[in-house]
Amino acid sequence: MKETMRRRDFLQRSLLGSAGAIFMFPKLSSGMSEDNLGKGVCLALASHWSYIGIGWQLGLESCVLSVIDTFGMADSAPGVKTCINLDARAYELIAQRFPEVSEKLKKYLDAGKVELIGGTFAQPMGSYISGESNIRQIVYGRETIRKALGYEMVTFLEEEEFTHPQLPQILIGSGFRYASLAQVDTWGRSGIPPLELNVFHWKGMDGTTIPSTPKNSLFSYGLQDLASLSALKTLQTLGKPLVINWAEFGWEPHETPAYLSESEKYKKLSEKFPIEYVTLKEYMEKYATDPRQTVYLNMDAWKKLLPWGIGGDQLRILDRKVEALLLAAERFDAVASSLGTKTKERSLEAAWKDLLTAQSHDVSLCEYSRWQSDRMAPLDRSEDFHNFAWGVIGYNHLDAAQKEAQAILDLSVGHIAGQVGSQVTKQGHLAATVLNPCGWERTEVVLTGRIYPAHEKAKDVLIKDSSGRLVPSQIVKSERDDQGNLIVANVAFLAEKVPSVGYDTYYLELLPGLSQSPTTDLRIDEQRLELENEYLKIKLGSTHGAITSLFDKTTGQEILDGQKCPFPVFKGRPNQDYPLRSAFVQGKYPKQDMLIPPLFDSSKSVALNERNDQGDWRAISKSTIRWIEKGPVRATVKTSHYWPLLKFETYVTVTTKSPRVEVTSRVLAEIPPALDTRGADGRFPVEIKEGYWLSFAPNFQTSAVLRDFPFGVEPTSQREFHALTFADLVGGGNGLLLLHPGTQYFKWDTEGIFSNLVMREWESFFTGEYGWPRYAEYRHALIPHGAGFTHADCVRASAEFTQRLITVVGQPQKGSLPKRKSFITVGPDNVQLSAFRKKRDLGYELRVVEAGGQEAGAAIELGFPVNTALETNLLGSKVAELPRSGARLDFRLQPWKIRTFELT
């Protein structure tokens, strides 16, 4: 049986090296006097714990114990001060259920004996959630702590990964004064670049700086002989160095609190070496008032190994979907409130907090984990999560957020549609209000959703615009009675130029007979497996069903190299050591098919009805290809691959008037992929090698790869990288934008083949149990483009991929609103709308970000009266008055800048 490993044990192993860029600076001074040596060091003890994740299993009481340990450290000689790193939700619950502990914590905070650091709502990994979620995590966390403890956060340091180039701007905008990069490489790797400095100005990509401490050679997890560190003398020449030492109070039984033994260790250390015990805030105010270096760290500076492919990917995919739903819900809730309805702001905040909870690092890192210690939780703990895996609890929060957001969105868009004067010169039996939550005009194929025209005895449905012009449409799903009349139907139609954060009106005409929809640019050739529209021509392989040709009609270029690797090819080595003991598996497959194949590779496919005289059925997939939609609005081809122990299927979809081809991939794996081989230090390599992958090869030599991260886009020089929502491959005047769901891990080999990790297994290393997402689903889109495609174009395409148009179908109304209207228009193209919501007072919050790396003369046009307009920070505090002309706001927006406004 494999040895199980506690989280803390692995943390200690993980400090045997750190990947990342090393930045060299000129020497600031030379020589070392006895006086310098006598100064010793400052030491800040940082203790990490959380309610979300660890506390779910070990109880909120473990968070209380973690806090009590810090009291004991302060009260016992030598008086070690602790920087407490809990999620904000923990402080909130402690205040509610253990008020005596909360009151005591307030006194220790006032006395400067402890400091709260970090302070996000749920301790997420910051680089894998969106920019807006970054803001909500920090702002909601800060507000939650202020309400629970009356404490204003000053220093940002999360033990788990929370670093990216836009963080300095977000922190300063959220009221933080200091930051630190001294994170711990936990189950993944945060990949913090080492800086041999005491303090520095951390510069963000917009130019904002925040005084920070680095991760230097004095950083530790566990006590060490400080006098023996070679870097100590060098750092002492720069001032008084700071040692940041991490601990995790809360693991120990309540009967033997950790501070009893830990304080003795520090007492012995102080007898050997001069140490001044400080909080981070105290050190920054006393010794770091004037950092002499300014450092910008691009995204490549962090060599991150995060929880890719182990199941958290599916959580992040749902997270992105739910966040898009929440953003749309709060935007249209704000619009509806301007039209006289009561805002659902409080319910939206609760839904956001459910979403933020599911973004916890533990939920994704340890999705299959149920217990992370060798001790039992308190017998009568205040909460019981029934021993659910952390991922299950995370999904419950996502489901709650989705349910609440959908209900609010339905109410809001229903109210708006009800105010539209769609009965005037109506063009059909039913009105369809198409709403666009994005801040720019859009054209897209939309769905009516399920309609029930049985009482009309209708055999067909035509779509018209508000002027009566026929619109291309297609019934995609339906049920009919014995006479051919529709019982239920779902209709796809083309909605063109729908106004930004606004709507347009269409009509459904129910016909007693069959009709002909207007022709479109969408063409198919069933026999040749070809699809095309005015932008693209696509050909699929006749055996494997992957895209072998992606021809860009705009540039006249072939974009995919179908001979080298079409899209998508499923490939990966299964775990040869996995025990096939399951009765389900043994009863399902013949004995001769129970051998585990050496490799799954969907490009090596044969048609299901062909004989396989040369290959092994266990190594070569049997595939079926069929058309499931044939236009004129949407065409889709489905391909299914079958191996013993694994199934893989794809849906390739092209729509009219769209420059992208969408591919949905689904995997059902009854066997996990092979496990990466650990190095001599016991750690996994940063470069993930084993797993199940989706691969493809562009038909041009890729000279650059652009990838996004929260509120930013940069090229990457790394062969292994992660991207938030897209990877853009460019070279020789050609480009291929790959849109993807949730944050994903990619590798790029020397043959020019790109691979996206879709499934990985590593639970067995930590717990001795196998844990992997047996079912996984991914949506991708490919958009070929020429040389003029900008960062902002990438960001817009990504938003449209996630944030679909919304359709409300109902009876035509006598409302006062016009049939077409925009409530917010943001320009130019590189200025993106990030948030628009109703606040608890009379105001509205509107946030924009520059997404192209170019300064802009920005303008916001509002479709409702505005009395006042203020610029605020991210906390809502006034920064300046904003000049306006009626309902138009004009201002300058610097590259990558985030600006927030309050409107009344």
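Below is a summary of the structure that appears in this document. (Residues numbered from 1 in each chain as written. Predicted model: local features only at pLDDT ≥ 70, side-chain atom pairs only at ≥ 80, totals over all residues. Heavy atoms only, no water.)

1. As for helix α7 (residues 131–149)
Logical step 1: For α7, which comprises 19 residues, the first-to-last C-alpha distance of 27 Å matches the rise-based estimate of 27 Å (1.5 Å per residue) to within 8%.
Logical step 2: The element α7 is largely enclosed, with a buried count of 16 among its 19 residues.
Logical step 3: Once α7 ends, the next one or two residues include G150, with phi positive near 65°. (Helix = DSSP H or I, 4+ residues; strand = E, 2+ residues; numbered from the N terminus. Expected span 1.5 Å × (residues − 1). Buried < 20%, exposed > 50% of the residue type's maximum accessible area, 1.4 Å probe, protein only.)

2. Let's talk about the pattern of salt bridges
Logical step 1: Applying the stated criterion to the full structure yields 56 salt bridges.
Logical step 2: The partner of E345 in a salt bridge is R837, and the shortest N-O contact between them spans 3.9 Å. Highlighted residues: E345 in helix α13 (residues 345–358) and R837 in strand β42 (residues 831–838), separated in sequence by 492 residues.
Logical step 3: Looking at R837, the relative accessible area reads 15%, which means it is buried.
Logical step 4: Residues K657 and E534 are paired through a salt bridge, measuring 3.2 Å at the closest nitrogen-oxygen approach. Taken together, the residues K657 in the loop between β28 (646–655) and β29 (661–669) and E534 in the loop between β19 (530–532) and β20 (536–540) connect sequence positions 123 residues apart. (Salt bridge = Lys/Arg side-chain N within 4 Å of Asp/Glu carboxyl O.)

3. Comments concerning the pairing of strand β46 (residues 878–881)
Logical step 1: Judged from the 3 bridges that link them, strand β45 (residues 869–872) and β46 form a sheet pairing that is antiparallel. When the sheet's bridge partners are listed, E871 is paired in β46 with A880.
Logical step 2: Counting the residues in the hairpin turn of β45 and β46 gives 5 residues, including G876, whose phi is positive at 90°. (Pairing = 2+ DSSP bridges.)

4. Quick look at the packing of helix α3 (residues 51–58) against helix α4 (residues 60–75)
Logical step 1: Two elements in contact, α3 and α4, have axes separated by 6 Å at closest approach and are oriented at 110°. Comparing the axis directions of α3 and α4 gives the class roughly perpendicular. Judged by residue contacts, Y51, G55 and L58 of α3 engage L60, S62 and C63 from α4.
Logical step 2: Per-class residue counts for the contact of α3 with α4 are 4 nonpolar, 2 polar and no charged. (Axes fitted to C-alpha atoms, helices over the stretch in contact; angles between N-to-C directions. Parallel < 35°, antiparallel > 145°, perpendicular 65-115°, else oblique. Contact = heavy atoms within 4.5 Å. Nonpolar A, V, L, I, M, F, W, Y, C, P; charged D, E, K, R; others polar.)

5. Some thoughts on the packing of aromatic side chains
Logical step 1: Counted by the stated rule, this structure contains 26 aromatic pairs.
Logical step 2: Judged by centre distance (5.1 Å) and plane angle (15°), the rings of W748 and F754 are stacked.
Logical step 3: Assessed through its relative accessible area of 14%, W748 is described here as buried.
Logical step 4: Consider the rings of F836 and F864, whose centres lie 6.0 Å apart with planes at 25°: the pair is stacked. A residue pair is termed long-range when its members are at least 10 positions apart, and F836 in strand β42 and F864 in the loop between β44 (856–862) and β45 qualify at 28 residues. There is no split in this pair, since F836 and F864 are both buried.
Logical step 5: An aromatic cluster of three or more residues is present, and its members are F570, F600, W643, F648 and Y692. (Phe/Tyr/Trp six-rings, centres within 6.5 Å; stacked < 30°, edge-to-face > 60°.)

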